[in-house]
Amino acid sequence: ARALTPQTAETDAIRFLVGTQSLRYDNQIHIIDFDDENNIINKNVLLHQVGEIWHISTSPADKGVLATCYNKTSDTKVMTCAAVWRMPKELESGSHESPDDSSSNTQTLELLCHLDNTAHGNMACVMWEPMGDGKKIISLADNNILLWDLQESSAKAVLSSSAALEGKGQLKFTSGRWSPHHNCTQIATANDTTVRGWDTRSMRQIYCIENAHGQLVRDLDFNPNKQYYLASCGDDCKVKFWDTRNVTEPVKTLEEHSHWVWNVRYNHSHDQLILTGSSDSRVILSNMVSISSEPFGHMVDDDELSDQEDQHQEEKIKEPLQDSVIATYEEHEDSVYAVEWSSADPWLFASLSYDGRLVINRVPRALKYHILL
């Protein structure tokens, strides 16, 4: 397996979706519900009766709707296609009910529509407009950016605009992210070693970071609280942080992994917490506090302090906190292809390795209290 996503619209229950990559059988989407109080994982399986799942993403507005990018074999050619699906009603929201007999309980996803891309090439990923009503989607197919409008309860996708990469070299998108800032009018894409920003209204390029990494750029993520900050990671084993207003140099670089970095994710609530997953089989949680929205830590009201404390506090406030690796998780034995924060619990995250192992972890309690208090 290499496809993992939190159920974005579900903010009460801790829930992740995993897509399988099996050549021999029907592929499946596993709905993973984590019962935090009892430390129990419940799983429901949905049949995805088309090829291996390369990418999965969920609607920000509708708990039951998701999109997948999957392989389809026709004649001798393998194409990567994308489609929008609905899960059965009773599985839409996170429940802690465990099915009695999971084997007989397998249900099928309902196909809502294909993002028909035969003309545009292989789909790399599908991104939902982060703050929207779940009706706008962007898909990246080879060197094309396609903006879709979902209509009539998502049963139809209309291509509303598109743009193409032009030039020499390997012009194939590997991944992209839709920025939650600027009224959701910007996306960032990765192709080869380059990161580009685009305006979704004009479909024009607004910035370009050439040679962002020494090798292929694998993944991107926007800081949820600082509108110009973007993280990227790639096959040069590095994670880099950019200010998109000045793209000549990264603001910071992390060099903790020893192999390709597949994934980088900002915590939705506390933007100093950064998760990365790599082919070195490790998940690393870093505290990038110097470039976060609270670089000097939690500000304290003057009224709360006595004079002596006051002086001491002022000295402390002048110094930004130090960036550091908080924890390295080594429960995986295979390449970690995906890491994701829960959309319901900001202190909880999941990681997925190629051998199909899903691990759920928490931010260390001491750090959690340090951030909160």
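Residues numbered from 1 in each chain as written. Predicted model: local features only at pLDDT ≥ 70, side-chain atom pairs only at ≥ 80, totals over all residues. Heavy atoms only, no water.

Enquirer: Tell me about the overall build of the protein chain, and please be specific about residues and values.
Expert: When helices and strands are tallied, the protein chain shows 2 helices and 28 strands. Looking at the protein chain as a whole, 53% of its 373 residues qualify as buried. Relative to all contacts within the protein chain whose residues are 6 or more apart in sequence, the contacts with residues 24 or more apart total 50%. Total accessible area on the protein chain is roughly 17,300 Å²; 43% of this is exposed by carbon and sulfur atoms. (Helix = DSSP H or I, 4+ residues; strand = E, 2+ residues; numbered from the N terminus. Buried < 20%, exposed > 50% of the residue type's maximum accessible area, 1.4 Å probe, protein only. Contact = heavy atoms within 4.5 Å. Areas by Shrake-Rupley, 256 points an atom, 1.4 Å probe, with all protein chains shown as cover.)

Enquirer: I'd like to hear about the sheet that holds strand S20 (residues 239–243), residue by residue, with values.
Expert: One open sheet accounts for 4 strands, arranged S18-S19-S20-S21; its pairing is antiparallel. Sheet topology places strand S18 (217–222) and strand S21 (252–254) at the edges, where each strand pairs with a single neighbour. Taken pair by pair, the neighbouring strands of this sheet meet at an average axis angle of 20°, ignoring direction. (Pairing = 2+ DSSP bridges. Axes fitted to C-alpha atoms, helices over the stretch in contact; angles between N-to-C directions.)

Enquirer: Explain the layout of surface pockets to me, using residue names and the numbers behind them.
Expert: Within this model, the largest pocket holds a volume of roughly 1,500 Å³. Contributions of two or more residues to the lining of the largest pocket are made by strand S1 (3–6), strand S5 (53–58), strand S7 (77–86), strand S10 (123–128), strand S14 (173–178), S18, strand S22 (261–266) and strand S26 (336–341). Broken down by class, the residue content of the lining of the largest pocket amounts to 24 nonpolar, 15 polar and 9 charged. (1 Å grid on protein atoms, 1.4 Å probe; cavity = no way out; pocket = protein on both sides within 12 Å on 5 of 7 lines; lining within 4 Å. Points joined across faces, edges and corners; volume = space filled by probe spheres on them. Nonpolar A, V, L, I, M, F, W, Y, C, P; charged D, E, K, R; others polar.)

Enquirer: Requested: an account of the side chain of Thr200, with residues and values cited.
Expert: Locating Thr200 in the fold gives a position in the loop between strand S16 (194–199) and strand S17 (204–209). If near-sequence neighbours (up to four positions away) are discounted, Thr200 is found in contact with Ile138, Leu147, Ser161, Trp178, Cys184, Thr185, Gln186 and Ile187.

Enquirer: I'd like a description of the UniProt feature "repeat: WD" (unreviewed entry) in the protein chain, backed by residues and values.
Expert: Those residues carrying the UniProt feature "repeat: WD" (unreviewed entry) are residues 210–246 in this numbering. As annotated, residues 210–246 has a helix share of 0% and a strand share of 46%, and its two end C-alpha atoms lie 12 Å apart. (UniProt positions renumbered as here; feature names shortened; annotations may be inferred.)

Enquirer: Requested: an account of the environment of Asp221, with residues and values cited.
Expert: For Asp221, the position within the fold is in strand S18. Separated by 32 residues in sequence, Asp221 and Thr189 have C-alpha atoms that sit 10.0 Å apart. Apart from residues lying up to four places away in sequence, Asp221 is in contact with Arg177, Tyr229, Leu230, Ala231, Val264, Arg265 and Tyr266.

Enquirer: Quick rundown of the sheet that holds strand S15 (residues 186–191)? Include the residues and the values.
Expert: Overall, antiparallel pairing links the 4 strands, which are arranged S14-S15-S16-S17 in an open sheet. Pairing within the sheet leaves two strands with one partner each, and these edge strands are S14 and S17. The sheet shows a mean angle of 25° between the axes of neighbouring strands, taken without regard to direction. Here 5 bridges tie S16 to S17, and the two strands are oriented antiparallel to one another. Pairing of Gly197 across the sheet is with Tyr207, part of S17.

Enquirer: Report on the side chain of Glu129, specifying residues and quantitative values.
Expert: Mapped onto the elements of the fold, Glu129 is located in the loop between S10 and strand S11 (136–141). Look at Glu129: it is buried, it has no salt bridge, and the nearest opposite charge is Lys136 at 4.7 Å. (Lys, Arg positive; Asp, Glu negative; His and termini not counted. Salt bridge = Lys/Arg side-chain N within 4 Å of Asp/Glu carboxyl O.)

Enquirer: Provide a residue-level description of a nonpolar patch on the surface, including the pertinent values.
Expert: Among the surface-exposed residues, Tyr369, Leu372 and Leu373 lie close enough to one another that they form a single nonpolar patch of about 340 Å² accessible area. Tracing the sequence through the fold places Tyr369 in helix H2 (residues 365–372). (Patch = residues over 30% accessible without salt bridge, like charges linked within 9 Å, V, L, I, M, F, W, Y side chains within 5 Å.)

Enquirer: Tell me about unusual backbone geometry, and please be specific about residues and values.
Expert: The backbone phi angle of Ser153 is positive, close to 45°, even though this residue is not glycine. Within the secondary structure layout, Ser153 lies in the loop between strand S12 (144–151) and strand S13 (156–164). In this model, Asn211 sits at a positive phi of 50°, which is unusual for a non-glycine residue. Along the chain, Asn211 turns up in the loop between S17 and S18.

Enquirer: Could you give me a rundown of the nonpolar core, with the residues and numbers involved?
Expert: By size, the foremost hydrophobic cluster in this structure holds 17 residues, and its most contacted members are Val84, Leu115, Met123 and Ile137. Of all the elements in the fold, those that place two or more residues in this core are strand S6 (65–74), S7, strand S9 (110–114), S10, S11 and S12. Residues contacting Val84, with those up to four places away along its chain left out, are Val65, Leu66, Ala67, Glu110, Leu111, Leu112, Cys113, Leu115, Trp128, Ile137 and Leu150. In this structure, Ala3, Leu17, Ile31 and Leu66 belong to the second largest nonpolar core, which totals 16 residues. (Core = buried A, V, L, I, M, F, W, Y, C linked by side-chain atoms within 4.5 Å.)

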